[in-house]
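Letter by letter, the chains look like this.
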Amino acid sequence: ERERASLAELIQARPVWLAAASNEAEEDAIIAAHAHAMRLAHRMLLILTPAAPERAPSLAERLRREGWIVAERIRDEEPEPEVQAYVADGDAELGLWYRLAPVTFMGGTLIEGGPGRNPFEPAAFGSAILHGPHAGAYPDAYARLNEARATRLVTSPATLAEAVSELIAADKAAILAHNAWAASSGGAEVAERVTQAILAELDAIPEQAAV
């Protein structure tokens, strides 16, 4: 929580979006969408977490070559006010980024065969969800969220850019985020997580203590 509060103070009222577990083949579309959105909100910040964590340094270098102001989590750099793209590595801190970003694009969904992640992750943290047409291993989760009007489908780099620009408006992102949170907090997905947590705690109790 201290880390979230510290980063939130740095970011303050800036519009922020997250590209979570992005595939290398999607990066052109993500960068183009950020450039498009910054025409409307020049202080906008993109948080990028590549699906392959080892790619974070090369992705940051690419962005710098293209003229972006970049900070890297792996170097303990911060998203200072002038930073336009913040590159994080690994999935251990995804919960932190979901909490900081009002809008999340689910990487691995714009192209077929991407690794992808469960969309109930950002839903549970109150982040509005953008995703491509490829649900990967989570077709049921996406179907549930779509039925709850809790996500926005993007089918191309152009529609990703349009959706990110539209969801700069906090009220529009909030509607998606609320629907996503309601769908995630009221269904079997959360019940399953709670059950697994309880079972894990029970397994950790020494046998004699359990008796």
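Let me sum up the structure you'll find in this document. (Residues numbered from 1 in each chain as written. Predicted model: local features only at pLDDT ≥ 70, side-chain atom pairs only at ≥ 80, totals over all residues. Heavy atoms only, no water.)

## A few points about the environment of Met 106
Let me state the cut-off plainly: Per the convention used, a helix needs a DSSP run of H or I reaching at least four residues, while a strand needs a run of E reaching at least two, with both numbered from the N terminus. Note on contacts: a residue pair qualifies if any of its non-hydrogen atoms lie within 4.5 Å across the two residues.
Along the chain, Met 106 turns up in strand S5 (residues 103-106). The spatial distance from the C-alpha of Met 106 to the C-alpha of Leu 18 is 8.4 Å, given a sequence separation of 88 residues. Once residues lying within four places of it in the same chain are set aside, the contact partners of Met 106 are Ala 20, Tyr 98, Arg 117, Asn 118, Pro 119, Pro 122, Ile 129, Leu 130, His 131 and Tyr 142.

## Some points on the pattern of salt bridges
One side chain can pair with another of opposite charge once the charged atoms of both are near each other. Selection criterion: Salt bridge, as used here: a side-chain nitrogen of Lys or Arg that lies within 4 Å of a carboxyl oxygen of Asp or Glu. In this scheme, a residue with accessible area under 20% of its type's maximum is buried, one over 50% is exposed, and one in between is partly exposed, where area comes from a 1.4 Å probe on protein chains only.
In total, this model carries 14 salt bridges according to the counting rule given. Arg 73 is the partner of Glu 3 in a salt bridge, and the nearest nitrogen-oxygen pair spans 2.9 Å. Here Glu 3 is found in helix H1 (residues 2-11), whereas its partner Arg 73 is found in the loop between strand S3 (70-72) and strand S4 (85-87), with 70 residues between them in sequence. Among the ionic pairs, Arg 152 bridges to Glu 166, the shortest N-O distance being 3.2 Å. Placement of the pair is Arg 152 in strand S7 (residues 151-153) and Glu 166 in helix H7 (residues 157-166), with a sequence separation of 14 residues. A relative accessible area of 33% means that Glu 166 is categorised as partly exposed. One salt-bridge network, held together by shared partners, links Glu 1, Arg 4 and Arg 99.

## Some details on the pairing of strand S1 (residues 16-22)
Stated precisely, the cut-off is as follows: One requirement defines pairing of two strands: DSSP has to find at least two bridges between them. Seen with its strands pointing away from the viewer, a crossover is right-handed when the path leading from the first strand over the helix to the second is clockwise.
Among the seven residues of S1, seven are classified as buried, and the element is accordingly described as predominantly covered. Bridging between S1 and strand S2 (residues 45-50) involves six bridges; their strand directions are parallel. Across the sheet, the residue bridging to Leu 18 is Ile 47, located in S2. Considered for its hand, the β-α-β crossover made up of S1, helix H2 (residues 27-38) and S2 is right-handed. Pairing analysis gives four bridges linking S1 to S5, with the strands arranged parallel.

## Things to note about the side chain of Glu 72
Summarising the element assignment, Glu 72 is placed in strand S3. You can call Glu 72 buried: its relative accessible area is 2%. Beyond its immediate sequence surroundings of up to four residues, Glu 72 is in contact with Ala 56, Pro 57, Ala 60, Arg 64, Glu 77, Tyr 86 and Val 87.

## Focus on the side chain of Thr 109
Rules: Identification of polar contacts relies on pairs of N or O atoms within 3.5 Å, with a donor-acceptor requirement for protein atoms, meaning one able to donate a hydrogen and the other able to accept it, and with residues adjacent in sequence counted only if both atoms are side-chain atoms.
Secondary-structure assignment places Thr 109 in the loop between S5 and helix H5 (120-124). Polar side-chain contacts of Thr 109 include one of 2.7 Å to the backbone nitrogen of Gly 132. Not counting chain neighbours up to four residues away, the residues in contact with Thr 109 comprise Glu 26, His 131, Gly 132, Pro 133, His 134 and Tyr 142.

## Here's the deal with the sheet that holds S3
As a reminder, the rule being used: What counts as an axis is a line fitted to C-alpha atoms, over the stretch in contact for a helix, and the angles between N-to-C directions run from 0 to 180 degrees.
Taken together, seven strands build an open sheet; the order of strands is S3-S4-S2-S1-S5-S6-S7 and the sheet is parallel. Every interior strand has two partners, whereas the edge strands, S3 and S7, have only one. Recorded for the sheet is a direction-independent mean angle of 20° between the axes of neighbouring strands. Across the sheet, H2 lies against S1, S2 and S5, angled at about 180° from S1, the strand it touches most. Running at roughly 165° to S3, helix H3 (residues 56-65) makes contact with S2, S3 and S4 of the sheet.

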